[in-house]
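Remarks on the overall topology
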Amino acid sequence: MGVLSALEKWFVYNPSILKFSWNPGDTPASSPLFVGVSILMYLSLTLLLSILPLPPIPPRLLKPFTALHSLTLAVLSLLMVVGCALTLLTHTPHLRWAICFPPHTPPTGPLFFWAYIFYLSKILEFLDTLFIILSRSIRRLTFLHVYHHATVLLMSYLWLQTSQSLFPIALLTNASVHVIMYSYYFLSSLGIRPSWKRAVTDCQILQFLFSFAVSALMLRYHFSGSQPGCSGMWAWSFNAVFNASLLALFVNFHLKSYANTRRSKKPSLKDS
């Protein structure tokens, strides 16, 4: 109990977390202009740097930075999982809030704090693309990679902007996958090749399938009950279409990568 109480103190009841409030234009990086400019800059720089005849940076110089980047995101993802899970178990009025926020729920408190950290982490993940370009591994710069990184920032922004229902489940599953994925890339940057590379893509596909299953329960809550309605439904609709497109792209990537197990070289992907 001592360990659990300490975790709750730091991850849920820390004053800066407990009193967090998303205020567009006031909270750092919360304005629509910031999101729009960030996505536009990401796409523009990705296009520009990918077509410029830049010399590749030697792996011995680049790997320390990629290792630090992957380790940072793996640890940050783990913190988000712990923080969001503890908040759901100890702070929310009802576990149903994990799936359906009541209409007009204000974006305040620990759940929205961790959603905010998730949102900011998506900006940090833009460095994935930069490292691919600097290594001149342009074949890894797929449409799926760029599309995912650009759109997921908008998706996580809408979580906060609309108090979108179901985002706690999405955060838990996505951050959990990222713990696995960035741990893999961290070990790979150290010269260690874990045997569970394929599991990364498998977990990414499973998280999308799980999200559709849970969405069915959320829709039931939304359209039934004495006081039907879940917050942020239009943002959830965008999220659902985005997830469906990612699922199709990931399945296609999976089939191309693993249909022939005798292939000695397989595409590498940092996504989701």
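Residues numbered from 1 in each chain as written. Predicted model: local features only at pLDDT ≥ 70, side-chain atom pairs only at ≥ 80, totals over all residues. Heavy atoms only, no water.

1. Some remarks on the packing of helix α5 (residues 110-124) against helix α7 (residues 143-162)
Interaxial distance between α5 and α7 falls to 9 Å at its minimum, and their mutual angle equals 160 degrees. When the axes of α5 and α7 are compared, the pair comes out roughly antiparallel. For the pair α5 and α7, the crossing hand works out as left-handed. On α7, the residues that touch F112, A115, Y116, F118, Y119, K122 and I123 of α5 are V152, L153, M155, S156, Y157, W159 and L160. Of the residues that constitute the contact of α5 with α7, the class distribution is twelve nonpolar, one polar and one charged. (Axes fitted to C-alpha atoms, helices over the stretch in contact; angles between N-to-C directions. Helix = DSSP H or I, 4+ residues; strand = E, 2+ residues; numbered from the N terminus. Parallel < 35°, antiparallel > 145°, perpendicular 65-115°, else oblique. Left-handed = near helix turned anticlockwise from the far one by under 90°. Contact = heavy atoms within 4.5 Å. Nonpolar A, V, L, I, M, F, W, Y, C, P; charged D, E, K, R; others polar.)

2. Focus: the nonpolar core
Ranked by size, the top nonpolar core spans 61 residues in total, and within it W114, Y119 and L171 carry the most contacts. Looking at this core, the elements with two or more residues in it are α3 (32-51), α4 (59-90), α5, α6 (126-134), α7, α8 (167-189), α9 (197-223) and α10 (233-258). Per-element accounting of this core gives the leading share, ten residues, to α7. Membership of the second largest hydrophobic core comes to seven residues, among which are A74, M181, Y182 and Y185. (Core = buried A, V, L, I, M, F, W, Y, C linked by side-chain atoms within 4.5 Å. Buried < 20%, exposed > 50% of the residue type's maximum accessible area, 1.4 Å probe, protein only.)

3. With respect to the pattern of salt bridges
In this structure the tally under the stated criterion is one salt bridge. A salt bridge links E125 to K122; the shortest N-O distance between them is 2.9 Å. (Salt bridge = Lys/Arg side-chain N within 4 Å of Asp/Glu carboxyl O.)

4. Overview of the packing of α4 against α8
Packing of α4 against α8 leaves a shortest axis separation of 8 Å and a crossing angle of 155 degrees. By the angle between their directions, the pair α4 and α8 is classed as roughly antiparallel. Considering only the axes of α4 and α8, their crossing is left-handed. Grouping the amino acids of the contact of α4 with α8 by side-chain chemistry returns 18 nonpolar, seven polar and one charged.

5. Points about the state of the cysteines
A full pass over the atoms with the stated rule returns one disulfide. Across a sulfur-sulfur distance of 1.9 Å, C100 and C230 are joined as a disulfide pair. In this structure, the disulfide formed by C100 and C230 twists by about -110 degrees around the S-S bond and is classed as left-handed. Residue C100 is located in the loop between α4 and α5, and its partner C230 is located in the loop between α9 and α10; the two are separated by 130 residues in the primary sequence. In this structure C100 comes out as buried when scored by relative accessible area, which is 4%. This cysteine, C84, is not joined by any disulfide, and C100 carries the nearest cysteine sulfur, 16 Å off. (Disulfide = S-S within 2.5 Å.)

6. So, the UniProt feature "transmembrane region" (unreviewed entry) in the protein chain
Per the UniProt annotation, the sites labelled "transmembrane region" (unreviewed entry) are residues 33-54, 66-91, 111-134, 141-160, 166-187, 199-221 and 233-255. A distance of 32 Å separates the end C-alpha atoms of residues 166-187, which is 95% helix and 0% strand. Here residues 233-255 runs as 100% helix and 0% strand, with 33 Å between its end C-alpha atoms. (UniProt positions renumbered as here; feature names shortened; annotations may be inferred.)

7. A look at the environment of L141
Mapped onto the fold, L141 is located in the loop between α6 and α7. L141 gets classed as buried once you look at its relative accessible area, which sits at 18%. Look past the residues within four positions of L141 in its chain and what remains in contact with it is T46, S50, T129, I132, I133 and V146.

8. So, unusual backbone geometry
The backbone phi angle of A29 is positive, close to 65 degrees, even though this residue is not glycine. In this fold, A29 is placed in the loop between α2 (15-18) and α3.

9. Re the packing of aromatic side chains
For the structure on display, the rule yields 22 aromatic pairs. On the basis of an interplanar angle of 15 degrees and a centroid distance of 4.3 Å, the ring pair of Y42 and F126 is categorised as stacked. Of this pair, Y42 sits in helix α3 while F126 sits in helix α6, and the two are 84 residues apart along the sequence. With a relative accessible area of 14%, F126 lands in the buried category. Seen in terms of ring centroids, F238 and F242 are 6.5 Å apart; in terms of plane orientation they differ by 15 degrees. Their pairing is stacked. Of the two residues, F238 and F242 both sit in helix α10, four residues apart, roughly one turn of that helix. Using a relative accessible area of 29% as the deciding quantity, one classes F238 as partly exposed. Judged by relative accessible area, which is 3%, F242 ranks as buried. (Phe/Tyr/Trp six-rings, centres within 6.5 Å; stacked < 30°, edge-to-face > 60°.)

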